Amino acid sequence: MQVLLTPDQIHKRIEEMAHEIAVDFGNEPITLIGILNGSLMFMADLLRELKMPTRIGFLRASSYRGTATRPGTLDILPGLVPDVAGRHVILLDDILDTARTLSGVVEFLQSLSPASLKVGVLLRKRGRQEVPFEPDYTGFEIPDLFVIGYGLDFNDDYRQLSCIGVLDEANIDQAHHPEVISKAVHIVSLTTE
Ligand code: XMP
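Everything numeric in this text was worked out from a predicted model, so none of it was measured.

A. Representation of the sheet that holds strand E8 (residues 147–148). On the basis of which strands lie adjacent, the open sheet formed by three strands has the order E1-E9-E8 and antiparallel pairing. The open sheet has two free edges, formed respectively by strand E1 (2–5) and E8, since each of these has just one partner strand. Summarising the sheet, E1 and strand E9 (residues 164–166) pair through three bridges and their orientation is antiparallel. Opposite leucine 5, over in E9, you have isoleucine 164 as the bridge partner.

B. Here's a closer look at the packing of aromatic side chains. All chains considered together, the criterion is met by one aromatic pair. On the numbers, 6.1 Å between centres and 80° between planes, the contact of phenylalanine 146 with phenylalanine 154 is edge-to-face. For phenylalanine 146, a relative accessible area of 36% translates into the label partly exposed.

C. Local environment of the pattern of salt bridges. For the coordinates displayed, the defined rule picks out twelve salt bridges. For the salt bridge of glutamate 130 with arginine 100, the shortest nitrogen-to-oxygen distance reads 2.8 Å. Remark: arginine 100 occurs in helix H3 (residues 100–110) and glutamate 130 occurs in the loop between strand E6 (116–125) and strand E7 (137–142); sequence separation between them is 30 residues. Its salt-bridge partner being aspartate 144, residue arginine 128 comes within 3.9 Å of it at the nearest N-O pair. On the criterion of sequence distance, the pair formed by arginine 128 in the loop between E6 and E7 and aspartate 144 in the loop between E7 and E8 is long-range, its members being 16 residues apart. Salt bridges here are not isolated pairs; linked through shared partners, they connect Asp97, Lys125, Arg128 and Asp144.

Procedures and definitions
- For every chain, the first residue of its written sequence is number 1, and the numbers climb from 1 along that sequence.
- Reporting in this predicted model follows two pLDDT cut-offs: at least 70 for local features of residues, and 80 or more for side-chain atom pairs to be given and counted; totals over whole chains, interfaces and linings ignore these cut-offs and use all residues.
- Think of the side-chain values as coming from all heavy atoms in the structure, minus any hydrogens and water.
- When DSSP finds at least two bridges between two strands, those strands are taken to pair.
- In DSSP terms, a helix is any run of H or I states spanning at least four residues, a strand is any run of E spanning at least two, and both are numbered starting from the N terminus.
- Aromatic pairing here means that ring centres of Phe, Tyr or Trp (its six-membered ring) are within 6.5 Å. Orientation follows from the plane angle: under 30 degrees is stacked, over 60 is edge-to-face, and everything else is tilted.
- The classification of residues rests on relative accessible area computed with a 1.4 Å probe and restricted to protein chains. Under 20% of the type maximum is buried, over 50% is exposed, and intermediate values are partly exposed.
- Any carboxyl oxygen of Asp or Glu within 4 Å of a side-chain nitrogen of Lys or Arg constitutes a salt bridge here.

Here is the structure:
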């Protein structure tokens, strides 16, 4: 595994994003809505940097890939979304890839009549977007690589890493969890010394 972003780089950028949000909203109350599971760490760290009154909520969104002629449909489970009518909402996701998930979730949230709706992503992959979409807050633009850690998973694993890393694609199926985790912890400890 290679470290793409260290915990330090992530936290500095999240502080800056919180400042961008403060410039836009001042002391107005906002509601952060995170897409589970990937946005968990991003949400928790951004939330700690915000000074205005902030509510939170979550939803799940899974896309089923369609055929070449028919795009996949998006299944949204909104069970943990609070009442957002008339409130300023910021939707958070870990990564913008094809943008299909965020486009679908934005359409859903608009139907709940928020006062305003903005979107923040920690990562944006270059050259992958399939539908037009511009997030309002972007942490980092990254190359088209499969990333793990800081909420992002491979087969539902590695979410607990405090860095963001790239698994070696040649050996991706043989990646052994304890070795990858201890290597990540080792690399991160070197970069933060
Ligand atoms: P779309 O393509 O709709 O998808 O923008 C966004 C969702 O796809 C997942 N995704 C990834 N997850 N490493 C991951 O762990 C990646 O490199 C990656 N690329 C996309 C993620 O769930 C995101 O919310």
